[in-house]
Amino acid sequence: MKFVLLSAPKSDAAISAIRHLLGNIAGAIRIGYLASSHEPDRRYYRQMQIYYQQFGADLCCYVDLEQDFCLQTFEQICQCDVIHLAGGDTYRFLKGIQDRDVAHQLCAFSKAGGGFIGLSAGAMLLCPSIESATLCGDQNDVELSDMAGLQLIPYQFIPHTDKTDNGVNAALTAAEHLSSQTLAKFPAILCADDDAVIFDKGSLLGFGSPLLFDGLQLLSINQ
(Lines give C-alpha, C1' and ligand atoms only; values in the text may rest on other atoms or scores of the structure.)
Protein backbone atom coordinates (compact mmCIF):
# COMPACT_ATOMS: atom_id res chain seq x y z
CA MET A 1 0.00 0.00 0.00
CA LYS A 2 1.32 3.39 -1.03
CA PHE A 3 0.14 6.88 -0.25
CA VAL A 4 0.83 10.05 -2.22
CA LEU A 5 0.36 13.22 -0.16
CA LEU A 6 -0.07 16.47 -2.08
CA SER A 7 -0.79 20.13 -1.43
CA ALA A 8 -1.51 20.84 -5.09
CA PRO A 9 -1.63 18.48 -8.08
CA LYS A 10 0.08 20.35 -10.91
CA SER A 11 3.61 20.84 -9.62
CA ASP A 12 6.53 18.85 -11.03
CA ALA A 13 6.90 17.19 -7.63
CA ALA A 14 3.27 16.09 -7.58
CA ILE A 15 3.48 14.69 -11.11
CA SER A 16 6.69 12.80 -10.28
CA ALA A 17 5.19 11.33 -7.10
CA ILE A 18 2.06 10.16 -8.91
CA ARG A 19 4.14 8.63 -11.70
CA HIS A 20 6.14 6.80 -9.04
CA LEU A 21 2.93 5.34 -7.60
CA LEU A 22 1.12 4.52 -10.82
CA GLY A 23 4.23 3.21 -12.57
CA ASN A 24 4.12 0.11 -10.39
CA ILE A 25 0.60 -0.84 -11.51
CA ALA A 26 0.41 -3.32 -14.36
CA GLY A 27 -2.22 -3.00 -17.07
CA ALA A 28 -5.05 -0.48 -17.24
CA ILE A 29 -5.08 1.86 -14.25
CA ARG A 30 -8.44 2.66 -12.67
CA ILE A 31 -8.80 5.47 -10.14
CA GLY A 32 -11.85 6.23 -8.02
CA TYR A 33 -12.71 9.76 -6.89
CA LEU A 34 -14.05 10.47 -3.40
CA ALA A 35 -15.36 14.04 -3.24
CA SER A 36 -14.76 16.08 -0.08
CA SER A 37 -18.22 17.66 -0.41
CA HIS A 38 -21.06 17.80 -2.90
CA GLU A 39 -19.94 18.87 -6.38
CA PRO A 40 -23.13 19.99 -8.18
CA ASP A 41 -21.48 20.15 -11.60
CA ARG A 42 -18.62 17.73 -10.86
CA ARG A 43 -16.24 20.41 -12.09
CA TYR A 44 -13.28 19.26 -10.00
CA TYR A 45 -13.93 15.65 -10.88
CA ARG A 46 -13.87 16.45 -14.60
CA GLN A 47 -10.68 18.47 -14.18
CA MET A 48 -9.01 15.53 -12.47
CA GLN A 49 -10.24 13.16 -15.18
CA ILE A 50 -8.28 15.21 -17.71
CA TYR A 51 -5.32 15.47 -15.31
CA TYR A 52 -4.98 11.70 -14.85
CA GLN A 53 -5.01 11.06 -18.60
CA GLN A 54 -1.35 12.18 -18.73
CA PHE A 55 -0.52 9.09 -16.65
CA GLY A 56 -2.56 6.76 -18.83
CA ALA A 57 -5.03 6.36 -15.96
CA ASP A 58 -8.83 6.37 -16.05
CA LEU A 59 -10.58 8.35 -13.31
CA CYS A 60 -13.71 6.33 -13.75
CA CYS A 61 -15.88 6.54 -10.68
CA TYR A 62 -17.26 9.51 -8.68
CA VAL A 63 -18.63 9.19 -5.14
CA ASP A 64 -20.43 11.98 -3.30
CA LEU A 65 -20.80 11.41 0.45
CA GLU A 66 -23.35 14.18 0.93
CA GLN A 67 -25.95 13.85 -1.84
CA ASP A 68 -27.13 10.90 -3.90
CA PHE A 69 -24.81 8.59 -1.97
CA CYS A 70 -24.93 5.03 -3.24
CA LEU A 71 -23.19 2.24 -1.36
CA GLN A 72 -22.89 0.20 -4.55
CA THR A 73 -20.99 3.04 -6.24
CA PHE A 74 -18.81 3.44 -3.17
CA GLU A 75 -17.96 -0.24 -3.35
CA GLN A 76 -16.97 0.30 -6.99
CA ILE A 77 -14.26 2.80 -6.06
CA CYS A 78 -12.92 0.22 -3.64
CA GLN A 79 -12.43 -2.06 -6.65
CA CYS A 80 -10.15 0.49 -8.31
CA ASP A 81 -6.36 0.43 -8.13
CA VAL A 82 -6.17 3.82 -6.43
CA ILE A 83 -8.57 6.17 -4.67
CA HIS A 84 -8.18 9.92 -5.10
CA LEU A 85 -9.22 11.75 -1.92
CA ALA A 86 -10.18 15.24 -3.08
CA GLY A 87 -9.16 18.55 -1.57
CA GLY A 88 -11.63 20.86 0.15
CA ASP A 89 -12.96 21.32 3.68
CA THR A 90 -11.25 18.71 5.86
CA TYR A 91 -13.86 18.79 8.64
CA ARG A 92 -16.73 18.43 6.20
CA PHE A 93 -14.93 15.60 4.40
CA LEU A 94 -14.36 13.65 7.62
CA LYS A 95 -17.96 14.24 8.70
CA GLY A 96 -19.16 12.72 5.45
CA ILE A 97 -17.01 9.64 6.04
CA GLN A 98 -18.33 9.33 9.59
CA ASP A 99 -21.96 9.88 8.60
CA ARG A 100 -21.76 7.20 5.91
CA ASP A 101 -19.71 4.87 8.14
CA VAL A 102 -17.25 3.98 5.39
CA ALA A 103 -13.92 4.43 7.19
CA HIS A 104 -13.56 0.69 7.72
CA GLN A 105 -14.01 0.05 3.99
CA LEU A 106 -11.34 2.59 3.09
CA CYS A 107 -8.96 0.98 5.57
CA ALA A 108 -9.75 -2.47 4.18
CA PHE A 109 -9.02 -1.16 0.67
CA SER A 110 -5.59 -0.04 1.86
CA LYS A 111 -4.84 -3.32 3.64
CA ALA A 112 -5.72 -5.19 0.46
CA GLY A 113 -3.01 -3.26 -1.39
CA GLY A 114 -4.95 -0.31 -2.79
CA GLY A 115 -3.21 3.05 -3.10
CA PHE A 116 -4.34 6.52 -2.10
CA ILE A 117 -3.62 9.91 -3.60
CA GLY A 118 -4.59 12.49 -0.98
CA LEU A 119 -4.90 16.11 -2.05
CA SER A 120 -4.66 18.60 0.84
CA ALA A 121 -7.77 17.74 2.90
CA GLY A 122 -7.69 14.24 1.43
CA ALA A 123 -4.11 13.78 2.61
CA MET A 124 -4.96 14.93 6.13
CA LEU A 125 -7.71 12.31 6.30
CA LEU A 126 -5.09 9.58 6.04
CA CYS A 127 -3.45 10.74 9.29
CA PRO A 128 -4.18 9.75 12.90
CA SER A 129 -6.24 12.94 13.26
CA ILE A 130 -7.15 16.06 11.31
CA GLU A 131 -5.94 18.44 14.04
CA SER A 132 -3.57 20.07 11.56
CA ALA A 133 -6.49 21.28 9.41
CA THR A 134 -6.67 24.57 11.32
CA LEU A 135 -3.11 25.32 10.23
CA CYS A 136 -4.20 25.68 6.61
CA GLY A 137 -7.25 27.76 7.42
CA ASP A 138 -10.02 25.18 7.75
CA GLN A 139 -12.72 25.88 10.33
CA ASN A 140 -14.93 23.36 12.07
CA ASP A 141 -18.21 24.77 10.80
CA VAL A 142 -19.84 21.33 10.87
CA GLU A 143 -19.16 21.08 14.64
CA LEU A 144 -17.27 17.81 14.30
CA SER A 145 -16.36 16.34 17.69
CA ASP A 146 -14.36 13.26 16.67
CA MET A 147 -11.18 14.37 14.86
CA ALA A 148 -9.77 10.88 14.32
CA GLY A 149 -8.64 10.31 10.74
CA LEU A 150 -8.26 7.00 8.92
CA GLN A 151 -4.98 6.39 10.81
CA LEU A 152 -3.29 4.84 7.79
CA ILE A 153 -0.05 6.83 8.09
CA PRO A 154 1.79 7.69 11.35
CA TYR A 155 2.25 11.38 10.54
CA GLN A 156 0.38 14.67 10.64
CA PHE A 157 0.13 16.48 7.29
CA ILE A 158 0.24 20.26 6.90
CA PRO A 159 -0.44 21.35 3.30
CA HIS A 160 0.16 24.73 1.64
CA THR A 161 3.15 25.42 3.91
CA ASP A 162 5.02 28.68 3.41
CA LYS A 163 8.70 27.74 3.52
CA THR A 164 10.22 31.13 2.66
CA ASP A 165 12.15 30.99 5.96
CA ASN A 166 13.08 27.33 5.42
CA GLY A 167 9.97 26.27 7.29
CA VAL A 168 10.97 27.68 10.68
CA ASN A 169 7.84 29.79 11.17
CA ALA A 170 5.60 26.94 9.97
CA ALA A 171 7.25 24.61 12.49
CA LEU A 172 6.73 27.13 15.30
CA THR A 173 3.08 27.49 14.35
CA ALA A 174 2.69 23.72 14.32
CA ALA A 175 4.22 23.55 17.80
CA GLU A 176 1.66 26.08 19.03
CA HIS A 177 -1.30 24.09 17.73
CA LEU A 178 -0.18 20.49 18.15
CA SER A 179 0.98 19.08 21.47
CA SER A 180 4.61 18.05 21.93
CA GLN A 181 3.41 14.51 22.66
CA THR A 182 1.48 14.40 19.37
CA LEU A 183 4.42 15.72 17.36
CA ALA A 184 6.83 13.27 19.00
CA LYS A 185 4.55 10.33 18.20
CA PHE A 186 3.23 11.57 14.84
CA PRO A 187 5.66 14.10 13.33
CA ALA A 188 4.25 16.76 11.02
CA ILE A 189 4.98 16.74 7.30
CA LEU A 190 5.30 20.35 6.08
CA CYS A 191 4.35 20.37 2.41
CA ALA A 192 4.34 23.44 0.16
CA ASP A 193 2.31 23.56 -3.04
CA ASP A 194 5.39 22.57 -5.05
CA ASP A 195 6.18 19.56 -2.83
CA ALA A 196 4.89 16.01 -2.62
CA VAL A 197 5.50 13.02 -0.36
CA ILE A 198 5.06 9.28 -0.73
CA PHE A 199 4.59 7.02 2.28
CA ASP A 200 5.42 3.41 1.45
CA LYS A 201 6.29 0.48 3.71
CA GLY A 202 7.03 2.69 6.69
CA SER A 203 9.27 5.13 4.83
CA LEU A 204 8.84 8.65 3.46
CA LEU A 205 10.00 9.69 0.01
CA GLY A 206 10.11 13.41 -0.72
CA PHE A 207 9.66 15.26 -4.01
CA GLY A 208 10.54 18.93 -4.05
CA SER A 209 11.66 19.99 -0.57
CA PRO A 210 9.11 18.82 2.02
CA LEU A 211 10.10 18.94 5.68
CA LEU A 212 9.46 16.81 8.76
CA PHE A 213 8.97 18.35 12.21
CA ASP A 214 8.84 16.24 15.39
CA GLY A 215 8.51 19.11 17.84
CA LEU A 216 12.28 19.46 18.25
CA GLN A 217 13.97 18.97 14.88
CA LEU A 218 13.13 20.23 11.43
CA LEU A 219 14.43 17.73 8.87
CA SER A 220 14.41 17.38 5.10
CA ILE A 221 12.48 14.49 3.52
CA ASN A 222 14.83 13.32 0.82
CA GLN A 223 14.01 11.56 -2.42
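The structure this text deals with has already been given above.
For clarity, every value in this text was computed on a predicted model and none was experimentally measured. (Residues numbered from 1 in each chain as written. Predicted model: local features only at pLDDT ≥ 70, side-chain atom pairs only at ≥ 80, totals over all residues. Heavy atoms only, no water.)

Participant: Talk me through the sheet that holds strand 9 (residues 203-207); I want residue IDs and the actual numbers.
Facilitator: Pairing within the open sheet is mixed, and its 7 strands lie in the order 3-2-4-5-1-8-9. For this open sheet the edge positions go to strand 3 (57-63) and strand 9, each flanked by a neighbour on one side alone. Pairwise comparison of adjacent strand axes, ignoring direction, gives a mean angle of 20° for this sheet. Note: strand 1 (residues 2-6) against strand 8 (residues 196-200), 5 bridges, orientation antiparallel. (Pairing = 2+ DSSP bridges. Helix = DSSP H or I, 4+ residues; strand = E, 2+ residues; numbered from the N terminus. Axes fitted to C-alpha atoms, helices over the stretch in contact; angles between N-to-C directions.)

Participant: Give me the lowdown on a nonpolar patch on the surface, citing residues and values where you can.
Facilitator: A cluster of nonpolar side chains, contributed by Val-168, Leu-172 and Leu-218, occupies part of the molecular surface with about 240 Å² of accessible area. Position of Leu-218 relative to the elements: it lies in strand 11 (residues 218-220). (Patch = residues over 30% accessible without salt bridge, like charges linked within 9 Å, V, L, I, M, F, W, Y side chains within 5 Å. Areas by Shrake-Rupley, 256 points an atom, 1.4 Å probe, with all protein chains shown as cover. Salt bridge = Lys/Arg side-chain N within 4 Å of Asp/Glu carboxyl O.)

Participant: Describe the state of the cysteines, naming the residues involved and giving the relevant values.
Facilitator: In total, this model carries 0 disulfides according to the counting rule given. You can see Cys-70 has no disulfide; the closest cysteine sulfur is in Cys-61, sitting 9.2 Å from it. Under the relative-accessibility criterion, Cys-70 is labelled partly exposed at 32%. Counting only cysteine sulfurs, Cys-127 is the nearest neighbor of Cys-191, a cysteine outside any disulfide, at a range of 11 Å. Classification of Cys-191 by relative accessible area gives buried; the value is 0%. (Disulfide = S-S within 2.5 Å. Buried < 20%, exposed > 50% of the residue type's maximum accessible area, 1.4 Å probe, protein only.)

In short, the description is geometric, and any link to function would need to be established separately.
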